[in-house]
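If you want the building blocks of each chain, they are given just below.
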Amino acid sequence: DYVSVPDVAGATLSLRATLADNGKHYRVQVSAGGANPVLSREALLTVVDDVNPPYLVSAFADVNFDRVTVNYNEPMHPDYGYLDPFAYEFVIGPGGELLPVLQVKPGVDNTQAILVLDPTTPLIPNSTHTARVGGVGDLSGIPVDGESTVDFDAFTLSPGFARQEFYNDIGGVL
């Protein structure tokens, strides 16, 4: 028995498989420009249950010190707290002050969360910060194991030099 997916056009097809899809047989019928359709060989789908909890792998601050992007090891599910500002906190610099998160925006493929911080209490330049998350879950609903943390450095501000050269009215032949 095969699964039919009606009204699909294009070179790729993406489906989200669940454990209920395990063992299903798929095949595709293709045609180009009304030519005779060709039926592919069958493919057997094997779905393995996700049992590994998600965790933070990295974080980085933006240049204005009021946003931090945290990266997860796998896609997170918006219905399992991934976009809840209360699931995140920051320990700022060596003093250990906690920074509130005002808003969370989804990032790339739900593997990132962009955390908007209170602009009146920005990150401290030249300091190491710690991002913490707890109570969020991945696409399978598996929660972070306890609390996941990752250290990151805010941008370093340092004096520098810039050199600009300008040459006016230089003749030449092309």
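You'll find the structure just up there.
Conventions and cut-offs
- Residues numbered from 1 in each chain as written.
- Predicted model: local features only at pLDDT ≥ 70, side-chain atom pairs only at ≥ 80, totals over all residues.
- Heavy atoms only, no water.
- Buried < 20%, exposed > 50% of the residue type's maximum accessible area, 1.4 Å probe, protein only.
- Helix = DSSP H or I, 4+ residues; strand = E, 2+ residues; numbered from the N terminus.
- Pairing = 2+ DSSP bridges.
- Contact = heavy atoms within 4.5 Å.
- Axes fitted to C-alpha atoms, helices over the stretch in contact; angles between N-to-C directions.

Colleague: Whenever I open this one, the pairing of strand β6 (residues 67–72) confuses me. Can you help?
Modeller: In regular strands, side chains alternate between the two faces of the sheet. For β6, the tally of buried residues reaches five of six residues, placing the bulk of the element in the interior. With five bridges connecting them, strand β5 (residues 56–61) and β6 associate as antiparallel partners. Each residue of the ladder has a partner; that of Ala59, found in β6, is Val70. Taking the residues between adjacent antiparallel strands as the criterion, β5 and β6 are bridged by five residues, where Phe65 takes a positive phi near 65°. Examined bridge by bridge, β6 and strand β10 (residues 112–117) share five bridges and lie antiparallel to one another. Opposite Asn71, over in β10, you have Gln112 as the bridge partner.

Colleague: How do you make sense of the environment of Asp145 when you look at a structure like this?
Modeller: Turning to its location among the elements, Asp145 is positioned in the loop between β11 (128–133) and β12 (148–153). Exposure remark for Asp145: the relative accessible area of 65% places this residue in the exposed category. Taking the C-alpha atoms as reference points, Asp145 and Val133, separated by 12 residues in sequence, lie 9.9 Å from one another. When residues no more than four places from it in sequence are discounted, the contact partners of Asp145 are Pro53 and Pro54.

Colleague: Whenever I open this one, the sheet that holds strand β8 (residues 97–99) confuses me. Can you help?
Modeller: Two orientations exist for strands paired in a sheet by backbone hydrogen bonds: parallel and antiparallel. In spatial order, the strands read β8-β7-β11-β12; together these four strands make up an open sheet with antiparallel pairing. Each edge of the open sheet is held by one strand with a lone partner, namely β8 and β12. Ignoring which end each strand starts from, the neighbouring axes of this sheet average 25° apart. Where strand β7 (residues 88–92) lies against β11, four bridges are found, and the strand directions are antiparallel. Across the sheet, the residue bridging to Tyr88 is Val133, located in β11.

Treat this as a map of the structure, not an account of what it does.
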